[in-house]
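Breakdown of the fold
Chain by chain, the residues run as shown.
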Amino acid sequence: MISILESGDKISLHDAGGRTFYFKISRLIDSGASVRCYKAKRRDKSGILRQVKVKGAAVENYLRSYALLRDAMLENEAIKSFIPSIEIYYDADEQPYVWSDEPELVTFEKLCVDFQKNPQPDAAYNLVLALNAIKYLTQCVCELHNLRLIHRDIKPSNFGFVRRGDEILTQTVSLFDVDSICSVFAEPHIRVFTPGFSELGSRADNLSDIYSIGATLFAALIGKPYDDRDFDDIKNLVDDCPIVSNVIGLYVRLRALIVKILRGCLDDRERRYQSCEELLIDINAALDYAVPSELQTRINSGEHLVWTDVRRFLETHRRKDFGACLQYHLYETPLYRWRQNESGALNVLIIGSDDRAQTFRRRRVVKRRRR
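Residues numbered from 1 in each chain as written. Predicted model: local features only at pLDDT ≥ 70, side-chain atom pairs only at ≥ 80, totals over all residues. Heavy atoms only, no water.

Bringing the overall build of the protein into the picture now. Within the protein, the regular secondary structure consists of 13 helices and 11 strands. Here the protein holds 371 residues, and 45% of them are scored as buried. Pairs at least 24 residues apart make up 59% of the contacts formed inside the protein by residues separated by at least 6 positions. (Helix = DSSP H or I, 4+ residues; strand = E, 2+ residues; numbered from the N terminus. Buried < 20%, exposed > 50% of the residue type's maximum accessible area, 1.4 Å probe, protein only. Contact = heavy atoms within 4.5 Å.)

Laid out in structure tokens, this is it:
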């Protein structure tokens, strides 16, 4: 029996070339039938250390996914943006361990729980965050499919994002649970099934991954795992879900497009999206409707934006930064409120010296002179 590692334990492992590496266990993350996952450190880097529990021929089967991914990363650099680098080590008994460098992540499953906790005040932010998360997840799966690989077990607990303070960096999506990945040509497929996220009764392939992406979006919006009996009621479920219904001024076509995306992922195979590229077209269109046009232009130009809750951000930074303090004050007490009970002119003190502040000041001066 392979012993459980405790917090603070230090172990030495070696690679296939015989070089020794030292790891310090921080904590046990989770334990499954084939592997235990630990948060650990190697030198100064944090990551995930997977202790393989199976023995004999089962070891080769378990490591096959990681071997496929290592070869895929040599063929396609883009996949490294979505899946952490993978290294395999062995203990003194030649029992394998799988190491991947990755920072502390917040799982999409945790975000889905948060969506349901604060459905009203954060609805617009949550909706954009959910759509962005699914966009980057789909891009990741798209890269796998282009390498003739399939995941087979996509669900909210299997991928996550870097959190920076209160900000969720959706472009840092990490598909960290990858031991279900196999070649699309593999025969026979070992059945991987998670109720509410896996397609019933079909051979695992690209279309079954697309089904799981749709089921993951469904769970994020509706707040429960998908059941095939929900298909005919998708429109009503989307109309009534708080993350959509509580958004003030929601663009009318966005609701219909979300319904189209869900149905396009979860429909019968002949009517389903036939590729992740096709699915991404509609996800990006949904984001065009969900995100103000000025911000979308900046995204299309290649600028990376971070979606954050304004109030939380300003509350976090107002004691550290004078500019954030002023922004917080204006956010809490907008200037228009002073005009509601006043009939005279509104005097505004402009503080700042960057380009936009100076442009705004010049425009105001010109208007005043013309009067």
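A few words on the packing of aromatic side chains. In this structure the tally under the stated criterion is nine aromatic pairs. An angle of 65° between the planes, with centres 5.5 Å apart, marks the rings of Phe23 and Tyr89 as edge-to-face. Of this pair, Phe23 sits in strand β2 (residues 20–31) while Tyr89 sits in strand β5 (residues 87–90), and the two are 66 residues apart along the sequence. One exposure class covers both Phe23 and Tyr89, and it is buried. Each ring, one from Phe218 and one from Tyr226, has its centre 5.0 Å from the other, and the planes form 75°; the classification is edge-to-face. Across the pair, exposure class does not vary: Phe218 and Tyr226 are buried alike. Within the aromatic cluster, the residues linked to one another by ring pairs are Phe21, Phe23, Tyr89 and Trp99. (Phe/Tyr/Trp six-rings, centres within 6.5 Å; stacked < 30°, edge-to-face > 60°.)

As a further point, take the environment of Gly214. Relative to the assigned elements, Gly214 resides in helix α4 (residues 206–222). Gly214 sits 51 residues away from Cys265 along the chain, and the two C-alpha atoms are 4.9 Å apart. Residues within four places of Gly214 in sequence aside, it is in contact with Leu262, Cys265 and Leu266.

Our next topic: the environment of Arg148. Within the element layout of this structure, Arg148 appears in the loop between α3 (123–146) and β8 (149–150). By relative accessible area, Arg148 is classed as partly exposed at 41%. Residues Arg148 and Asp205, 57 residues apart in the sequence, show an inter-C-alpha distance of 9.6 Å. When residues no more than four places from it in sequence are discounted, the contact partners of Arg148 are Glu75, Cys182, Ser183, Val184 and Phe185.

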